[in-house]
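An overview of the molecular structure
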Amino acid sequence: MMAPSSRSLAGMDGVTTVGDQARDALAAYEDLASLAEDIEDEWTYVTELHAAWRDRIEELIDERGTESVTTLEEAAISRAVDEIGRISDPHRAIDWLSTFPQIVLVTLGERS
């Protein structure tokens, strides 16, 4: 287990953390993946892609979950979550399965 970074504000009320944002993103990503799974011909691709990016975001939570995020980072991720929440076409959902996690990771200063 890694020691908390100097940005760690775990346990403080009103502070948004990397973990908070990543968990919100994962919840939205689960919905996106469910929509994409409706395309039977792409099911294997979708489930493998979903698993790989989910694992990467969960790794981020484990490594940096207690670090605080800036209001700009929080707003950017919230906007991306809102955007994928508007997707109703399974084909478009497939397009976003690799794009959305990269937006989240880059916003939080990670390599995608």
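Provided above is the structure to which this section pertains.
**Digging into the environment of Ala 75**
Relative to the elements of secondary structure, Ala 75 occurs in helix α3 (residues 71-85). It is 9.9 Å that separates the C-alpha atoms of Ala 75 and Thr 107, two residues lying 32 residues apart in sequence.

**Side note on helix α1 (residues 18-36)**
Taking 1.5 Å of rise per residue, the 19 residues of α1 would be expected to cover 27 Å, and the 26 Å separating its terminal C-alpha atoms lies within 8% of that figure. Listed in full, the buried residues belonging to α1 are Val 18, Gly 19, Gln 21, Ala 22, Ala 25, Leu 26, Ala 28, Tyr 29, Leu 32, Ala 33, Leu 35 and Ala 36. Packed against the buried residues of α1 are α2 (43-64), α3 and α4 (90-107).

**Topic: the pattern of salt bridges**
Taken as a whole and judged by the stated rule, the model has ten salt bridges. The closest approach of N and O atoms between Arg 23 and Asp 20, which form a salt bridge, is 3.7 Å. Of this pair, Arg 23 and Asp 20 both sit in helix α1, three residues apart, roughly one helical turn. Two residues, Arg 56 and Glu 110, come together in a salt bridge whose shortest N-O distance is 2.8 Å. Of the two residues, Arg 56 is situated in helix α2 and Glu 110 in the segment after α4; the sequence distance between them amounts to 54 residues. Overall, Arg 56 belongs to the buried group, its relative accessible area being 16%.

**Some words on α2**
Its 22 residues place the ends of α2 31 Å apart at the C-alpha level, agreeing with the 32 Å of an ideal helix rising 1.5 Å per residue. For α2, every residue scored as buried is listed here: Val 46, Thr 47, Leu 49, His 50, Trp 53, Arg 56, Ile 57, Leu 60, Ile 61 and Arg 64. Against α1 and α4 lie the buried residues of α2.

**Brief notes about the side chain of Gln 21**
Considering the arrangement of structural elements, one finds Gln 21 in helix α1. Excluding anything up to four places from it in sequence, Gln 21 contacts Thr 16, Val 69, Glu 73, Glu 74, Ile 77 and Ser 78.

**With respect to the nonpolar core**
By size, the foremost hydrophobic cluster in this structure holds 30 residues, and its most contacted members are Leu 32, Ile 84, Ile 87, Leu 97, Phe 100 and Leu 108. Sorting the residues of this core by element identifies α1, α2, α3 and α4 as the ones contributing at least two each. Broken down by element, the residue count for this core peaks at ten residues, all from α1. Non-local contacts of Leu 32, meaning those with residues more than four positions away in its chain, are made with Ile 84, Ile 87, Ala 93, Trp 96 and Leu 97.

**What to know about the packing of α3 against α4**
Between α3 and α4, the least distance of the axes is 10 Å, while the angle of their chain directions is 175 degrees. What the angle tells us is that α3 and α4 run roughly antiparallel. Touching Glu 73, Ala 76, Ile 77, Ala 80, Val 81, Glu 83 and Ile 84 of α3 are Arg 92, Trp 96, Phe 100, Ile 103, Val 104 and Thr 107, all from α4. Looking at the contact of α3 with α4 residue by residue, the class counts come to nine nonpolar, one polar and three charged.

About the cut-offs
- Residues numbered from 1 in each chain as written.
- Predicted model: local features only at pLDDT ≥ 70, side-chain atom pairs only at ≥ 80, totals over all residues.
- Heavy atoms only, no water.
- Helix = DSSP H or I, 4+ residues; strand = E, 2+ residues; numbered from the N terminus.
- Expected span 1.5 Å × (residues − 1).
- Buried < 20%, exposed > 50% of the residue type's maximum accessible area, 1.4 Å probe, protein only.
- Contact = heavy atoms within 4.5 Å.
- Salt bridge = Lys/Arg side-chain N within 4 Å of Asp/Glu carboxyl O.
- Core = buried A, V, L, I, M, F, W, Y, C linked by side-chain atoms within 4.5 Å.
- Axes fitted to C-alpha atoms, helices over the stretch in contact; angles between N-to-C directions.
- Parallel < 35°, antiparallel > 145°, perpendicular 65-115°, else oblique.
- Nonpolar A, V, L, I, M, F, W, Y, C, P; charged D, E, K, R; others polar.

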